[in-house]
Amino acid sequence: MKKLIYAAALTLLLTSTIPAAQATGVPGDVKASHIDHTGAHPFNARSPNATHHFELHVEGPSLSQLSIDVPEGIRIGRKIEITDRAQKKVEATVSIQDRKAKIVFAKPVPSGTTLSISMKGIRTSSYLGRTWLYRVSSQMVGLIGDIPLGTAQIRTYD
């Protein structure tokens with residue numbers, strides 16, 4: 001019984017001397033590329049020529065390429081435009097094939113840049129409001145393979 005009491009006391013002493021882990025940094029301070037904002041203009045589902053867009057904040061390694069999985073029921077009618085926060089066009093080659101949009105940047109996009117990706121001329125298979133899910137992944141300088149960045153959720157309304 002004495003050994004059990006000593007073991008419990010020693011365990012309590014050791015756990016009380018180890019400092020608790022504390023979160024550091026600024027809230028929202030993410031060190032990886034991520035999707036910041038999504039939207040549709042106009043946001044009603046009946047629009048024959050809508051624009052779906054999202055903002056991507058680049059953090060960590062520079063971004064060399066972006067892939068967007070286009071959801072079933074969506075057709076991009078015109079083009080995809082990429083601009084930075086100052087609305088300056090970012091040079092890139094865009095191709096859409098087999099429900100996947102591929103954006104290859106002329107120069108790697110550096111960390112700290114916010115990109116606005118606008119998919120223009122969106123046509124949907126339904127005139128009902130819906131949430132469309134675009135999976136977004138990237139290739140980054142110095143890393144091999146596609147890195148998933150998240151899902152851009154675009155909501156439309158009836």
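A brief report on the enclosed structure follows.

## Here we look at the pairing of strand β2 (residues 50-57)
- Summarising burial for β2: seven of the eight residues are buried, a large majority.
- The pairing of strand β1 (residues 34-41) with β2 spans seven bridges and is antiparallel. Each bridged residue has a counterpart across the sheet, and for Ala40 the counterpart in β2 is His52.
- Strand direction decides the pairing type here: β2 and strand β8 (residues 114-124), joined by eight bridges, are antiparallel. When the sheet's bridge partners are listed, His53 is paired in β8 with Ser118.

## Looking at unusual backbone geometry
- With an omega of -20°, the peptide bond between His41 and Pro42 qualifies as cis.
- Mapped onto the elements of the fold, Pro42 is located in the loop between β1 and β2.
- Not every positive phi belongs to a glycine, and Gln87 is a case in point at roughly 65°.
- As for its position among the elements, Gln87 is in the loop between β5 (80-84) and β6 (92-97).
- Despite not being glycine, Arg99 shows a phi value in the positive range, around 65°.

## Remarks on the packing of aromatic side chains
- Per the stated rule, a full pass over the model turns up zero aromatic pairs.
- In this arrangement the basic side chain of Arg130 is found over the ring face of Trp132, its NZ or CZ atom lying 4.1 Å from the centre.

## Description of the environment of Ser137
- Mapped onto the elements of the fold, Ser137 is located in strand β9 (residues 130-140).
- On the basis of relative accessible area, Ser137 is assigned to the buried category, the value being 13%.
- Sequence separation between Ser137 and Ser33 is 104 residues, and the spatial gap between their C-alpha atoms is 9.9 Å.
- The contact partners of Ser137, leaving out residues within four places of it in the chain, are Gln65, Leu66, Ser67, Asp146, Ile147, Pro148 and Leu149.

## Some points on the sheet that holds strand β10 (residues 147-156)
- Strand order in the open sheet made by the five strands is β6-β7-β3-β9-β10, with antiparallel pairing throughout. Each edge of the open sheet carries a strand with a single partner, namely β6 and β10. The average angle at which neighbouring strand axes cross in this sheet is 20°, direction not considered.

## Considering the layout of surface pockets
- Counted as a void, the largest pocket has a volume near 270 Å³.
- Along its surface, the largest pocket is lined by Asp84, Lys88, Lys89, Val90, Glu91, Ala106, Lys107, Pro108, Val109, Pro110, Thr113 and Leu115.
- Here the residues of the lining of the largest pocket are counted per class, giving six nonpolar, one polar and five charged.
- Approximately 160 Å³ is the volume found for the second largest pocket.
- Lining the second largest pocket are Glu55, Glu81, Thr83, Asp84, Arg85, Gln87, Thr114, Leu115, Ser116, Ser118 and Lys120.
- Of all the secondary-structure elements, those providing two or more residues to the lining of the second largest pocket are β5 and β8.
- The element best represented in the lining of the second largest pocket is β8, accounting for five residues.
- For the lining of the second largest pocket, the per-class residue count stands at one nonpolar, five polar and five charged.

The rules we used
- Residues numbered from 1 in each chain as written.
- Predicted model: local features only at pLDDT ≥ 70, side-chain atom pairs only at ≥ 80, totals over all residues.
- Heavy atoms only, no water.
- Buried < 20%, exposed > 50% of the residue type's maximum accessible area, 1.4 Å probe, protein only.
- Helix = DSSP H or I, 4+ residues; strand = E, 2+ residues; numbered from the N terminus.
- Pairing = 2+ DSSP bridges.
- Phe/Tyr/Trp six-rings, centres within 6.5 Å; stacked < 30°, edge-to-face > 60°.
- Lys NZ or Arg CZ within 6 Å of the ring centre and 35° of its normal.
- Contact = heavy atoms within 4.5 Å.
- Axes fitted to C-alpha atoms, helices over the stretch in contact; angles between N-to-C directions.
- 1 Å grid on protein atoms, 1.4 Å probe; cavity = no way out; pocket = protein on both sides within 12 Å on 5 of 7 lines; lining within 4 Å.
- Points joined across faces, edges and corners; volume = space filled by probe spheres on them.
- Nonpolar A, V, L, I, M, F, W, Y, C, P; charged D, E, K, R; others polar.

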